[in-house]
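Topology and contacts: notes
The chain contents come next:
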Amino acid sequence: MSSAYDHAGRSAPSTPNDLEAFWMPFTANRSFKAKPRLVVTSKDIHYIANDGSKIIDGSSGLWCCNAGHNRDAIVDAIQKQAAELDYAPSFQFGHPKAFTLAARLAALAPGDLDHVFFANSGSEAVDTALKIALAYWNVQGKGSKSRLIGRERGYHGVGFGGTAVGGMVANRKLYGNLLAGVDHLRHTYNRDEQAFSRGEPEWGADLADDLERLVGLHDASTIAAVIVEPMAGSTGALPPPKGYLKRLREICDKHGILLIFDEVITGFGRLGASFAAERFGVVPDIMTFAKGVTSGTVPMGGCFVRRGIYEAFMQGGPAHAVELTHGYTYSAHPLACAAALATLDIYRDEGLFERARALEPVWADAIHALKGEPNVEDIRSIGLVGAIDLKPRDGAPGTRGYEALDRAFHEHGLMFRTAGDTIALSPPLIISESQIGEIADKLKAVIRAVA
């Protein structure tokens, strides 16, 4: 193997002898292995590639490294925890940090979302939320409420439940029928009405009324829950229209349907608040989280549930009986809890959620300044999130976006996500104004390079 050097000057292995054994997720494996994009070390807002080049992280890893990379306090907490208590089961046993973390998370969540169920990823968090919703109606004596409603262009991870309620065609088409009893709301994006929006588009609140259509089709007595991302992320960053989420909450209340917010991406400061629910003034019944809870350092996810949902499971039956037959071997893993507690300290002590909100107009100005560059068809921004839709090449959709991703890494020292021909951006919350300008300059060069 060849070597590169990390931020402390230590040698790090950089180029594996063989790339073939690893079947990479959500990756064009053949193209990657022909021309790999390998990173070997990281610090704050940068990666170091295997050739020693510096890469500015425009996507917080995978929307997850909100506090930046290799923060000393988080690293120290993980190391100390590994030496102290490496693992403890959460089935019938516990460890103190799990309860401390749950209490601190509940204090961040809006309204009475004051109980936390831990999982290990966003996908597990979503399937947990869906199972809790179905189980809740069963313990309420309303087992007929078993239908789940997602939304077109939604992304809810890769479990069977999350894939079924998700609405991204490419993620669904290989897997057949998935779950029965699932339907989808219309998506919220209309370029003719919303192009080049900053924040919430003015048009589209009435799209929430599509839920009334599905109630009319299926009847509310059969519908358990509606799940949406407050801001649809993986499909290309679609902010909700003004008033859309409040209207969805009203319709769910009217018909006795649980509302689930998937905040795996939007949680922990991404939109300038603890959660998007806080920013938009809407309290869901169940809310998922993951990614930013540990700033990407150790896998962790989970669900917040409202007090009444939790209490419904605590009524009746013997006290020694398991109330919810669900969970994971690594729920509330000690290392993940230690990482999350240290991460929450950084968010609080450095005011990173408030920082994201203060930087939002600076970020929006920089991203929207790319309007008029070659093949730019739309730009969206909200919080520290941005999306740039590039015009697809005739007969070859997705190739311009892929070339942009590849050139950005190898030629311009920039990492971002793509969804087809859409560039998606979500830098760490520690980003500076000058680094925002650097990202914008690099994006301009990339967009021109793939014109």
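Just so it is clear, the model here is predicted, and its values are computed rather than measured.

Moving on, we come to the overall build of the protein chain. On a plain count of helices and strands, the protein chain comes out with 16 helices and 17 strands. Computed over its C-alpha atoms, the radius of gyration of the protein chain comes to 22 Å, within 12% of the 22 Å expected for a compact globule of 451 residues. Along the first, second and third principal axes, the C-alpha set of the protein chain runs to 60 × 55 × 45 Å. Going through the 451 residues of the protein chain one by one, you find that 55% of them count as buried.

Below, the discussion takes up the environment of Ala408. Within the secondary structure, Ala408 is located in helix α15 (residues 399-412). Note on Ala408: relative accessible area 0%, which makes it buried. Between the C-alpha atoms of Ala408 and Trp363, which are 45 residues apart in sequence, the distance is 19 Å. With residues near it in sequence (within four places) discarded, Ala408 still touches Gly413, Leu414, Phe416 and Val446.

Before going further, it helps to spend a moment on the state of the cysteines. Under the definition given, this model contains zero disulfides. The thiol of Cys65 is unpaired, and the distance to the nearest cysteine sulfur, on Cys64, comes to 4.0 Å. For Cys65, a relative accessible area of 8% translates into the label buried. Free of any disulfide, Cys252 has its nearest cysteine sulfur in Cys303, 16 Å distant.

Right, let's talk about the packing of aromatic side chains for a bit. Applying the stated rule across the entire model yields ten aromatic pairs. Arranged with centres 4.9 Å apart and planes meeting at 65°, the rings of Tyr136 and Trp137 form a pair that is edge-to-face. Judged by relative accessible area, Trp137 falls into the buried class, the value being 8%. A centroid spacing of 5.0 Å and a plane angle of 45° characterise the contact between Tyr347 and Phe353, whose relative ring orientation is tilted. Phe353 shares its class with Tyr347; the two are buried. Three or more aromatic residues joined by ring pairs make a cluster, and in this case those are Phe118, Phe268, Phe275, Phe289, Phe304, Tyr347 and Phe353. For Lys145, the ring lying beneath its charged end belongs to Trp137, and the centroid distance is 4.7 Å. The ring of Phe196 carries Lys371 above its face, with NZ or CZ at 4.5 Å from the centroid.

All right, on to helix α14 (residues 352-368) then. For α14, which comprises 17 residues, the first-to-last C-alpha distance of 23 Å matches the rise-based estimate of 24 Å (1.5 Å per residue) to within 8%. If you look at α14, its biggest bend is around 45°, right at Leu359, and the proline Pro361 turns up within four residues after that. Of the residues making up α14, those classed as buried are Leu352, Phe353, Ala356, Leu359, Glu360, Trp363, Ala364, Ala366, Ile367 and His368. Those residues of α14 that are buried are in contact with α11 (276-280), α13 (334-349), β13 (376-382), β14 (385-390), β17 (422-425) and α16 (433-449).

Here we come to the sheet that holds β13. Spatially, the four strands line up as an open sheet ordered β13-β14-β17-β16, and their pairing is antiparallel. Edge positions in the sheet fall to β13 and β16 (417-419), since each of these pairs with one other strand and no more. Averaged over all neighbouring strand pairs, the angle between strand axes comes to 20°, with direction disregarded. Contacts from α14 reach β13, β14 and β17, with the element oriented near 175° to β13.

Attention shifts here to the pairing of strand β5 (residues 54-57). Two strands pair when backbone bridges link them, and strand β4 (residues 46-49) and β5 are joined in this way by three bridges, in the antiparallel orientation. Along β5, the bridge assignment pairs Tyr47 with Ile55. Bridging between β5 and strand β15 (residues 414-415) involves two bridges; their strand directions are parallel. Considered in β15, the bridge of Asp57 is made with Met415.

Let's shift gears to the packing of helix α9 (residues 210-218) against helix α10 (residues 244-255). The N-to-C vectors of α9 and α10 enclose an angle of 25°; their axes lie 9 Å apart at closest approach. Here α10 runs roughly parallel to α9, going by the angle between their axes. The handedness of the crossing between α9 and α10 comes out as right-handed. In this structure, α9 uses Leu211, Glu212 and Val215 to contact α10, whose residues at the interface are Arg247, Leu248, Ile251, Cys252, Lys254 and His255.

Let us look at the sheet that holds strand β7 (residues 147-151). In spatial order, the strands read β6-β12-β11-β10-β9-β7-β8; together these seven strands make up an open sheet with mixed pairing. What marks the edges here is a single partner per strand, and that holds for β6 (115-119) and β8 (182-185). Put simply, the sheet's adjacent strands are angled 20° from each other on average, direction ignored. Relative to strand β11 (residues 286-289), strand β10 (residues 258-262) runs parallel, the two being bridged by three bridges. Along β11, the bridge assignment pairs Ile260 with Ile286. Packing against the sheet, α10 makes contact with β7, β8, β9 (223-228) and β10, and its axis sits at approximately 150° to β10.

Remark: helix α3 (residues 72-84) packs on α13, axes separated minimally by 8 Å, with the N-to-C direction vectors making an angle of 155°. As judged from the angle between their axes, α3 and α13 are roughly antiparallel. Judged by the twist between their axes, the crossing of α3 over α13 is right-handed. Counting all contacts with α3, which are made through Ala73, Ile74, Ala77, Ile78, Gln81 and Ala82, the residues of α13 involved are Pro334, Leu335, Ala338, Ala339, Ala342, Thr343 and Ile346.

Definitions and limits used
Residues numbered from 1 in each chain as written. Predicted model: local features only at pLDDT ≥ 70, side-chain atom pairs only at ≥ 80, totals over all residues. Heavy atoms only, no water. Helix = DSSP H or I, 4+ residues; strand = E, 2+ residues; numbered from the N terminus. Rg over C-alpha atoms; globule rule 2.2 N^0.38 Å. Buried < 20%, exposed > 50% of the residue type's maximum accessible area, 1.4 Å probe, protein only. Contact = heavy atoms within 4.5 Å. Disulfide = S-S within 2.5 Å. Phe/Tyr/Trp six-rings, centres within 6.5 Å; stacked < 30°, edge-to-face > 60°. Lys NZ or Arg CZ within 6 Å of the ring centre and 35° of its normal. Expected span 1.5 Å × (residues − 1). Bend = angle between axes of the 7 residues up to and from the residue. Pairing = 2+ DSSP bridges. Axes fitted to C-alpha atoms, helices over the stretch in contact; angles between N-to-C directions. Parallel < 35°, antiparallel > 145°, perpendicular 65-115°, else oblique. Left-handed = near helix turned anticlockwise from the far one by under 90°.

Purely geometric numbers; function is a separate question.
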